[in-house]
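Listed here are the chains, written in short residue letters.
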Amino acid sequence: FGSSTAPSFRSAHHQNFLSSLPHFPIINMAEIEEEVEVVAPVEVEEEVTDLPGAIRGVLKKALVVDGCIRGLHEVAKAIDAGKASVVFLAENCEEATYKKLVQALCLEKNVPLLDVADKKELGEWAGLCKIDKDGAPRKVRGASCVCVTDFGEEGQAYSYLMSHIGK
């Protein structure tokens, strides 16, 4: 490897190739003073008129701040640790022991428990789906149990939900 008879990487052919490439001026981006006005999209909060709408809004905002926990094991840990603020349980959950466990934990730790009609709907609200280019949910997975540890921004949905559970 280290012998002087080894061919050089910078052969005459290589040098000719490098010199044939176009030369572009080097521009320091810090020197360019161009003002660009960035306008943040204004998100209009949906009007909350019913409990499912409030749950959807609360879960949407909780997802933004990573305050939404899904699944029996994770929800049970959050309730037991006292981190859960509110728990949502699907009424069409097939496993009766699953429902009894969540209900008992919520009762023991005084955590509000709200029933949601459909686990597919709860899964969609909790982010367990893919969103296609048109904004429609695809491949929705069901979630029998979801809890919120951090509500994020408090808006109409949060106010409606808190008035419903009496807090």
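About the thresholds
Residues numbered from 1 in each chain as written. Predicted model: local features only at pLDDT ≥ 70, side-chain atom pairs only at ≥ 80, totals over all residues. Heavy atoms only, no water. Buried < 20%, exposed > 50% of the residue type's maximum accessible area, 1.4 Å probe, protein only. Helix = DSSP H or I, 4+ residues; strand = E, 2+ residues; numbered from the N terminus. Right-handed = clockwise from strand over helix to strand, strands pointing away. Pairing = 2+ DSSP bridges. Axes fitted to C-alpha atoms, helices over the stretch in contact; angles between N-to-C directions. Contact = heavy atoms within 4.5 Å. Parallel < 35°, antiparallel > 145°, perpendicular 65-115°, else oblique. Left-handed = near helix turned anticlockwise from the far one by under 90°. Nonpolar A, V, L, I, M, F, W, Y, C, P; charged D, E, K, R; others polar. Core = buried A, V, L, I, M, F, W, Y, C linked by side-chain atoms within 4.5 Å.

**Section: the pairing of strand β3 (residues 113-116)**
The two faces of the sheet receive side chains in turn, since in a regular strand these alternate between them.
For step 1, the next point in the chain: By the alternation rule, side chains of β3 split into Leu114 and Val116, which are all buried, and Leu113 and Asp115, of which none is buried.
For step 2, the next point in the chain: The β-α-β motif built from strand β2 (residues 86-90), the intervening helix α4 (residues 96-109) and the parallel element β3 has right-handed crossover chirality.

**Focus on the sheet that holds β3**
For step 1, the next point in the chain: Ordered by their spatial adjacency, four strands build an open sheet running β1-β6-β2-β3, and the pairing between neighbours is mixed. One side of each edge strand has no neighbouring strand; the edge strands of this open sheet are β1 (68-70) and β3. Adjacent strand axes in the sheet meet at a mean angle of 20 degrees, parallel and antiparallel pairs treated alike.
For step 2, the next point in the chain: Two elements, β1 and strand β6 (residues 145-148), share three bridges in a ladder whose sense is antiparallel. Residue pairing in the sheet places Arg70 in a bridge with Val146 of β6.
For step 3, the next point in the chain: Strands β2, β3 and β6 of the sheet are contacted by α4, whose axis makes an angle of about 160 degrees with β2.

**What to know about the packing of helix α2 (residues 51-64) against helix α6 (residues 156-165)**
For step 1, the next point in the chain: Packing of α2 against α6 leaves a shortest axis separation of 8 Å and a crossing angle of 125 degrees. By the angle between their axes, α2 is oblique relative to α6. Our pair here, α2 against α6, has a crossing hand that is left-handed. Each of Leu51, Ala54, Ile55, Gly57 and Val58 in α2 lies in contact with α6, whose residues at this interface are Ala157, Tyr158, Tyr160, Leu161 and His164.
For step 2, the next point in the chain: A per-class count over the contact of α2 with α6 returns eight nonpolar, two polar and no charged.

**Quick look at the nonpolar core**
For step 1, the next point in the chain: Of all hydrophobic cores here, the largest spans 22 residues; its most connected members are Ile55, Leu59, Phe88, Val148, Phe151 and Leu161.
For step 2, the next point in the chain: Going through the elements one at a time, α2, β2, β3, α5 (119-125), β6 and α6 are the ones with two or more residues in this core.

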